[in-house]
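# Geometric and topological summary
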Amino acid sequence: MGRTKSAVGALLLAVLLAGVTGCGQGTGESRAVTNSGTDPKQTVSDEQGRLTSGAPSAKVLGMHRLNVPAGAQDVSSLVSDGWSSYSLCLTFRLPKTDMEKFLDSIGVPRSDMRKGFYVEDADEVGWSSRPGRTYLEGSSDGTSEPGPAPTYTVSVDVTEGSAYTVYLRSIVIPS
């Protein structure tokens, strides 16, 4: 009987430990909050990997020194907290008229962007360039405000004339 209890206890401990991961590492989950303030827990299409529908929380956006523009549509995000950094993948569609203001807000003037598609670790969330599309890419080392500054890599699909699709990766390394 004592052996059975010991074996059951060891099995229970193993099951509990197997389900625990550190700081969100390797869980593949992210938490998003929609404009209505609800957590959709809904994965977007396979094309977008593990992105969830909706913008991340205000706290996450604040840490990354980002604002989702008021005119943004089809917002999806993935938040990853690692051992040594915090990352945010964010995609949305934005009217052409609002794009320059957004790019300036992250320190990537449109005039500094070049043709191409590059977003750090884009494959992690299922982003890739598609044939026949026109992309601009750029990067920024964040802002000059005190505290840990985010670095941004951004690609923008500028194929359609009225609205562009933004693919943004922000990484913050705490000091």
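For the structure itself, look to the data block above.
Residues numbered from 1 in each chain as written. Predicted model: local features only at pLDDT ≥ 70, side-chain atom pairs only at ≥ 80, totals over all residues. Heavy atoms only, no water.

## Focus: the environment of S140
Looking at the element boundaries, S140 is found in strand 5 (residues 135–140). Judged by relative accessible area, S140 falls into the buried class, the value being 10%. S140 sits eleven residues away from T151 along the chain, and the two C-alpha atoms are 5.7 Å apart. Excluding anything up to four places from it in sequence, S140 contacts I106, G107, V108, P150, T151 and Y152. In terms of polar contacts, S140 uses its side chain to reach the backbone carbonyl oxygen of I106, at 3.0 Å. (Helix = DSSP H or I, 4+ residues; strand = E, 2+ residues; numbered from the N terminus. Buried < 20%, exposed > 50% of the residue type's maximum accessible area, 1.4 Å probe, protein only. Contact = heavy atoms within 4.5 Å. Polar contact = N/O pair within 3.5 Å; in protein donor to acceptor, adjacent residues only side chain to side chain.)

## Considerations on the side chain of S87
Mapped onto the fold, S87 is located in strand 3 (residues 86–95). S87 sits in the buried class, given a relative accessible area of 7%. Looking at S87, its side chain comes within polar contact range of the side chain of R169, at 3.4 Å. Setting aside chain neighbours within four positions, we find S87 in contact with H64, L78, V79, S80, R169, S170 and I171.

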